[in-house]
Amino acid sequence: MRVHVADHPLITHKLSVLRDARTPSPVFRQLTEELVTLLAYEATRNVKVSPVEITTPVTTTTGVKISEPRPIVVPILRAGLGMLEGLVKLLPTAEVGFLGMVRDEETFEPTTYAERLPDDLSDRQCFAIDPMLATGGSLAAAIQFLFDRGAKDVTAICLLGTPEGVAAIEAMAGDRDVTLVLGALDERLNEKGYIVPGLGDAGDRLYGTV
């Protein structure tokens, strides 16, 4: 498994504002979109492309286009929806699927309650998006779900992660092709399974408490 933790002053600055408890939801949503677009540059480094001949105003040359089958972006509901626009702006030809995961607040174990994905993901590059990699249970289950459908490789993009979460994804990945892209790697989890220092509940801060 490959792990990339962003080291860029713009990302660190935007994350600092995101962490601030005083940041209102509209600003939080805008910053989340901007951060995902920045992280997506690294996450899409190995996206598959095919050569294509193009004609410029001067001559003909060879460029590239995104290969078929197209990559698929999979936000993990509900918080992952807040990251979707930032990624599809950079990768507009990608298809979008959805995967609903919920974590039991007592056991921290995830369950799948909804999915909207192709039955066959053979040879597909998948991009799973979820703001927080805490215990790693939900993201690991989501990645496993994609591989079970035949995904070729999975890249997960998270705003924040923890050493515990990274270890959980690594244990699940084994020798499969998994890339993890993080905006920052935080210190630890607390006894309630929240990231420290973190930014609170990303879903509530994106959309309000339901």
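Look above for the structure.
Values in this document were obtained by computation on a predicted structure and should not be read as measured data.

Conventions and cut-offs
Residues numbered from 1 in each chain as written. Predicted model: local features only at pLDDT ≥ 70, side-chain atom pairs only at ≥ 80, totals over all residues. Heavy atoms only, no water. Helix = DSSP H or I, 4+ residues; strand = E, 2+ residues; numbered from the N terminus. Rg over C-alpha atoms; globule rule 2.2 N^0.38 Å. Buried < 20%, exposed > 50% of the residue type's maximum accessible area, 1.4 Å probe, protein only. Areas by Shrake-Rupley, 256 points an atom, 1.4 Å probe, with all protein chains shown as cover. Lys, Arg positive; Asp, Glu negative; His and termini not counted. Charge placed at Lys NZ, Arg CZ, Asp CG, Glu CD. Arc of directions from axis to C-beta. Contact = heavy atoms within 4.5 Å. Patch = residues over 30% accessible without salt bridge, like charges linked within 9 Å, V, L, I, M, F, W, Y side chains within 5 Å. Salt bridge = Lys/Arg side-chain N within 4 Å of Asp/Glu carboxyl O. Core = buried A, V, L, I, M, F, W, Y, C linked by side-chain atoms within 4.5 Å. Axes fitted to C-alpha atoms, helices over the stretch in contact; angles between N-to-C directions. Parallel < 35°, antiparallel > 145°, perpendicular 65-115°, else oblique. Left-handed = near helix turned anticlockwise from the far one by under 90°. Nonpolar A, V, L, I, M, F, W, Y, C, P; charged D, E, K, R; others polar.

Student: Help me understand the overall build of the protein in this model?
Tutor: The number of helices and strands found in the protein is 6 helices and 13 strands. On C-alpha atoms alone, the protein measures out to a radius of gyration of 17 Å, which is about the 17 Å that the 2.2 N^0.38 rule sets for 210 residues. The dimensions of the protein, computed from C-alpha atoms along their principal axes, are 60 × 35 × 30 Å. Evaluated residue by residue, the protein yields a buried proportion of 46% over its 210 residues. If you sum the accessible surface of the protein, you get close to 10,500 Å²; carbon and sulfur atoms cover 52% of it. Across the protein, the mean location of the 20 positive side-chain charges is 5 Å away from that of the 29 negative side-chain charges.

Student: Just checking my understanding: could you explain helix H5 (residues 163–173) for this structure?
Tutor: Side chains three or four residues apart in an α-helix point the same way, a direct result of the helix having 3.6 residues per turn. Taken as a whole, H5 has its buried residues at Gly165, Val166, Ile169, Met172 and Ala173. Summarising the axial view, the buried residues of H5 lie within an arc of 130 degrees, below the 170-degree limit, and thus occupy one face. Each element contacted by the buried residues of H5 is listed here: strand E1 (2–5), strand E9 (132–133), helix H4 (137–148) and strand E11 (178–185). Phi for glycine 174, located one or two positions after H5, is positive at around 60 degrees.

Student: Would you mind going over a nonpolar patch on the surface with me for this structure?
Tutor: A grouping of Val3, Val5 and Leu185 is seen on the molecular surface, where their side chains present a nonpolar patch of about 220 Å² in accessible area. Mapped onto the elements, leucine 185 comes out in strand E11.

Student: What is the right way to read the environment of leucine 199 from this model?
Tutor: Relative to the helices and strands, leucine 199 resides in the loop between strand E13 (195–196) and helix H6 (202–207). Under the relative-accessibility criterion, leucine 199 is labelled buried at 5%. Along the primary structure leucine 199 and serine 16 are separated by 183 residues, whereas in three dimensions their C-alpha atoms are 9.2 Å apart.

Student: Please explain the nonpolar core as it appears in this structure.
Tutor: The nonpolar side chains of soluble globular proteins are, as a tendency, buried together. If you look at the biggest cluster of nonpolar residues, it comprises 33 residues, and the most contacted ones within it are Leu15, Leu18, Leu87 and Leu159. Going through the elements one at a time, helix H1 (9–19), helix H2 (25–43), helix H3 (81–90), strand E8 (125–129), strand E10 (153–161), E11 and H6 are the ones with two or more residues in this core. When residues of this core are assigned to their parent elements, the largest contribution, 7 residues, is made by H2. Discounting chain neighbours no more than four positions away, the residues touching leucine 15 are Leu35, Leu159, Leu160, Gly183 and Ala184. In terms of nonpolar packing, the next biggest core, distinct from the first, is built from 28 residues, Val74, Leu99, Leu121 and Val154 among them.

Student: Please explain the packing of H2 against H3 as it appears in this structure.
Tutor: When two helices pack together, their arrangement is given by the angle between the helix axes and the distance between those axes. Packing of H2 against H3 brings their axes to within 7 Å, and their N-to-C directions diverge by 45 degrees. Of the possible angle classes, the one that applies to H2 and H3 is oblique. The way H2 lies across H3 gives a crossing that is right-handed. Note on element contacts: H3 touches H2 through Gly82, Met83, Glu85, Gly86, Leu87, Lys89 and Leu90, opposite Thr32, Glu33, Val36, Thr37, Ala40 and Tyr41. Of the residues in the contact of H2 with H3, the class split is 6 nonpolar, 4 polar and 3 charged.

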